[in-house]
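Here are the chains, one letter per residue:
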Amino acid sequence: MATARLDYVAPWWTYWLHNFPHFNLRFQPVNNTFQPEEASYQQSVIFLACVGAVGASLSLLVLAVYLVCLCCCRRKGDEDTKRPDTCCVTWVAVVTGLVICSAVGVGFYGNSQTNDGVYQLTYSLYSANHTLDGINSMVAGSVSNIENKLKQHLERLDEIFAARADYIQSLRFIRLMVNNIIQELTALPNISQTKVYLAAFAEKTAFIEYYRWLIYLLLLILDLVICLGMCLGIAKQSQCLLITIMGFVVLSLILSWASLGTGTATAVVTSDFCVSPVRYIVNQTQDFLSADIAHYYLFCSPNLQNPFQQSLTICQRSLTTMQIQIQGLLRFSVPVFPAAQRDLLGIQRLLNSTEFSVHQLTALLDCRGIRKDYLDALMGVCYDGVEGLLYLSLFSLLSACALSAMLCVIFRLWTLMGSREKEYNDIDAEDPFNPQARRLSYNPQRSNTHSFCSYISSLGSQASLHPPPQSTSNSTIPPPEYMNQSMLFGEVPRYENVPLIRRGSPPPSYSPSMRTTYLSMTDAQIRRFGTDFQV
């Protein structure tokens, strides 16, 4: 889009946005012509921006209803019924993370496109402003040289040629040509107001664009941080981290809806301008530029006559005539009046510089330079700029929806973690074979308590401690049903599934002989090892 086209054609998405319904605050239809000074048009822009506020309100309302339903209708099922919910929540979290990452990619592209378009707009405005500044300096410099320096030389020549009437007549003719040049140059339209208007608009646009780009960049980074924090919260199952992420999600959700309303309103307003830019520019410049001059620069058609051509032609002819007169005086008057040579040569140098300035002024006043800047500005704002705003609006919409789903996921994870913590806390803390209970309820005063394994290992070193012989009645007892089932598929019975026998039983993986030894502890052994393993 960097090169200017021969003609400007508004893209299709600007017509699509231009046809959006425009309503004022009373829900009455408004003309979609770009008129930012009109109160009704301003109300229509506010109405479009309020779409984001409505979306944010609906999103928060749905989240509040979901939270109430989740708190009031929490299901209390067993572990098998909770596994599908956990899997579903995990997949929803993964999908929302992928959607947010995709939205962030779209947002980065849209932010870059919008920034490129606005940069091209401001660059074209500064280029046109430089052209107008050159025109003003050329006109002001030429008029100043002719009025001040040239007239001083003519006054001294009047004194020198006072005795020759024919030379005085030539000086009067030169003075008449000087007045014609001054009159034509001062008759040119004063475009200094246009220069000031373009400079102020370009500076204001660049200032707003910088902060807009920065805000969107921070919002994109915030969404990426939220995705990363969500992954860490799910992996570590940290409720504190999820609470922090929840606050950032609510903030990002509100900012996403706000950016959606602002971006949509800006895109629609810019499209209203891009559909018919000539009308608005002509209306804005009618106080200091005529309609034919504005159309000459905006269209630059060969059928349109240059409004400055007549003035520039008169200036050129006047300068040529003055050059002829000065050359004649140098040829015939200098031999008679040698003192006039210095002033005549000074006038000739001023005429040469003025003629060069007029040639430059003719090139600057040509419509092709300003027309190129005008087309570049339109291409930047209407193609790259509006396209980038559409991508940013898509990012805001996807991000808002994905963040709403992420809040639902966080609420559900919170309830699952709470129920899991509650079930885990229901375990008897006095159970000596509960590792979590031993870790949480560690008492330094009980640091000398011997474990069952240390007790078993000490049996071999003490000769007084022998396991009692098993009675013959016990050997005839058939094994339990679960051991019979295990022996059907293997020769050795399995003991890892043996249930705990009373509260003081050893771990299920121990054999019956070890359990028998454990249950046959004597009083002396109990006094030695404590009552931790007493039945």
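Here the residue numbers are simple positions, counted from 1 along each chain's written sequence. In view of the model being predicted, local features appear only for residues whose pLDDT reaches at least 70, and side-chain atom pairs are presented and counted only at 80 or more, with totals across whole chains, interfaces and linings using the full set of residues. Note that the side-chain values use all heavy atoms of the structure and ignore hydrogens as well as water.

- Looking at an unreviewed UniProt entry, one finds the protein named Protein tweety homolog, with Nothobranchius furzeri as its source organism.
- UniProt positions are given in the numbering used here, feature names are shortened, and annotations may be inferred rather than shown by experiment. Quoted verbatim from the Function (unreviewed entry) field of UniProt, the annotation for the protein is "Probable chloride channel."

### Considering the overall build of the protein
Consideration 1: Of regular secondary structure, the protein possesses 17 helices and 0 strands.
Consideration 2: Exposed residues in this analysis have more than 50% of their type's maximum accessible area, buried residues have under 20%, and partly exposed residues fall in between, with area computed by a 1.4 Å probe over protein chains only. Burial statistics for the protein: of 535 residues in total, 40% are counted as buried.
Consideration 3: What sets the accessible areas is the Shrake-Rupley method with a 1.4 Å probe; for residues, cover comes only from the shown protein chains. On the protein, roughly 30700 Å² of surface is accessible, and the fraction owed to carbon and sulfur atoms is 61%. Only DSSP runs of H or I reaching four residues or more are called helices, and only runs of E reaching two or more are called strands; each is numbered from the N terminus.

### What about the packing of aromatic side chains?
Consideration 1: Pairing of aromatic rings covers Phe, Tyr and Trp, the last counted by its six-membered ring, and requires centre-to-centre distances within 6.5 Å; plane angles under 30 degrees mean stacked, over 60 mean edge-to-face, and any other angle means tilted. Throughout the structure, instances matching the rule amount to 19 aromatic pairs.
Consideration 2: Their ring planes at 90° and their centres at 6.0 Å tell us that Phe273 and Tyr280 sit as a pair that is edge-to-face. Note on accessibility: Phe273 and Tyr280 belong to one class, buried.
Consideration 3: A ring pair is formed by Tyr297 and Phe308, whose centres lie 6.3 Å apart and whose planes are at 45°; its orientation type is tilted. Placement of the pair is Tyr297 in helix H8 (residues 291-299) and Phe308 in the loop between H8 and helix H9 (309-332), with a sequence separation of 11 residues.

### A closer look at the state of the cysteines
Consideration 1: Two cysteine sulfur atoms make up a disulfide if the distance between them is within 2.5 Å. Scanning the model with the defined rule gives 2 disulfides in all.
Consideration 2: A disulfide bridge connects Cys274 with Cys382, and the sulfur atoms are separated by 1.9 Å. Taking the torsion about the sulfur-sulfur bond, which here is approximately -90°, the covalent link between Cys274 and Cys382 counts as left-handed. Of the two residues, Cys274 is situated in helix H6 (residues 239-275) and Cys382 in helix H11 (residues 367-425); the sequence distance between them amounts to 108 residues. Across the pair, Cys382 and Cys274 agree in class, each one buried.
Consideration 3: Each sulfur in the disulfide pair Cys300 and Cys367 lies 2.0 Å from the other. The chirality of the disulfide connecting Cys300 with Cys367 is right-handed, given an S-S dihedral of about 55°. Of this pair, Cys300 sits in the loop between H8 and H9 while Cys367 sits in helix H11, and the two are 67 residues apart along the sequence.
Consideration 4: With a relative accessible area of 6%, Cys367 lands in the buried category.
Consideration 5: Indicated for the protein is the disulfide connectivity 1-4, 2-3, based on numbering the bonded cysteines in sequence order.

### A word on the packing of helix H2 (residues 39-72) against H6
Consideration 1: One way to put it is that H2 packs onto H6 with a least axis distance of 9 Å and a crossing angle of 155°. With respect to their mutual orientation, H2 and H6 come out roughly antiparallel. Here H2 runs over H6; the crossing is right-handed. Contacts between H2 and H6 involve Tyr41, Val45, Leu48, Ala49, Gly52, Gly55, Ala56, Ser59, Leu60 and Leu63 from the first element and Leu253, Trp257, Gly261, Ala265, Val268, Val269 and Asp272 from the second.
Consideration 2: Gly is put with the polar residues, along with every residue not named as nonpolar or charged; the nonpolar set is Ala, Val, Leu, Ile, Met, Phe, Trp, Tyr, Cys and Pro, and the charged set is Asp, Glu, Lys and Arg. Among the residues making up the contact of H2 with H6, the classes are represented as 12 nonpolar, 4 polar and 1 charged. Every angle, taken between N-to-C directions, lies between 0 and 180 degrees, and every axis is a line fitted to C-alpha atoms, over only the stretch in contact when it is a helix. Note that the term roughly parallel is reserved for angles under 35 degrees, roughly antiparallel for angles over 145, roughly perpendicular for angles of 65 to 115, and oblique for everything else. Helix crossings are classified by the rotation of the near helix relative to the far one: an anticlockwise turn of less than a right angle makes the crossing left-handed, while a clockwise turn makes it right-handed. By definition, residues are in contact when any of their heavy atoms lie within 4.5 Å.

### Topic: the UniProt feature "transmembrane region" (unreviewed entry) in the protein
Consideration 1: The residues that UniProt annotates with the feature "transmembrane region" (unreviewed entry) are residues 45-68, 88-109, 213-234, 241-260 and 389-414.
Consideration 2: From the first C-alpha to the last, residues 88-109 spans 32 Å; its make-up is 100% helix and 0% strand.
Consideration 3: Spanning residues 241-260, this segment combines 100% helix with 0% strand, and its end C-alpha atoms are found 28 Å apart.

### Some points on the packing of H9 against helix H10 (residues 340-364)
Consideration 1: Taken N-terminus to C-terminus, the directions of H9 and H10 make an angle of 160°; their axes are 10 Å apart at the nearest point. As the angle between them shows, H9 and H10 are arranged roughly antiparallel. Helix-helix and strand crossings are classified by hand; for H9 and H10 the assignment is left-handed.
Consideration 2: Its residues assigned to classes, the contact of H9 with H10 shows 12 nonpolar, 9 polar and 1 charged.

### Quick notes on the side chain of Ser318
Consideration 1: Along the polypeptide, Ser318 turns up in helix H9.
Consideration 2: For Ser318, a relative accessible area of 5% translates into the label buried.
Consideration 3: Not counting residues up to four positions away in its chain, the partners in contact with Ser318 are Met177, Asn180 and Ile181.

### Re the environment of Cys382
Consideration 1: A residue is classified by how much of its surface remains accessible, and Cys382, at 0% relative accessible area, is buried.
Consideration 2: Cys382 sits 368 residues away from Thr14 along the chain, and the two C-alpha atoms are 7.3 Å apart.
Consideration 3: In contact with Cys382, not counting residues within four places along its chain, are Tyr8, Pro11, Trp13, Thr14 and Cys274.

### A short note on the confidence of the model for the protein
One rule of thumb: low pLDDT means the predicted coordinates there are not for detailed reading.
Consideration 1: pLDDT is defined as a per-residue confidence score from the predictor, taking values between 0 and 100. When pLDDT is averaged along the protein, the result is 79; 74% of the residues meet or exceed 70.
Consideration 2: Helix H13 (residues 452-459) is the least confidently modelled element of the protein, averaging 41 in pLDDT, while helix H1 (residues 12-18) averages 94, the highest of any element.
Consideration 3: When the criterion is pLDDT under 50, residues 479-505 qualifies, and its contacts beyond four places in sequence or with other chains add up to 31 contacts.

### Quick notes on the pattern of salt bridges
Consideration 1: The term salt bridge refers to a pairing of a side-chain nitrogen on Lys or Arg with a carboxyl oxygen on Asp or Glu at a separation within 4 Å. In total, this model carries 6 salt bridges according to the counting rule given.
Consideration 2: Put simply, Asp158 and Arg175 hold a salt bridge, and the shortest N to O gap is 2.8 Å. In this pair, Asp158 is assigned in helix H3 (residues 79-160) and Arg175 in helix H4 (residues 165-186), connecting sequence segments 17 residues apart.
Consideration 3: Classification of Asp158 as partly exposed rests on a relative accessible area of 25%.
Consideration 4: For the salt bridge of Asp376 with Lys372, the shortest nitrogen-to-oxygen distance reads 3.0 Å. Here Asp376 pairs with Lys372, and both are found in helix H11, just 4 residues apart, close to one helical turn.

### Considering the environment of Thr96
Consideration 1: Its place among the elements puts Thr96 in helix H3.
Consideration 2: For Thr96, a relative accessible area of 5% gives the class buried.
Consideration 3: Each C-alpha atom, one on Thr96 and one on Cys401, is 8.8 Å from the other, the two residues being 305 residues apart in sequence.
Consideration 4: Leaving out residues up to four positions away in the same chain, Thr96 has contacts with Ala402, Ala405 and Met406.

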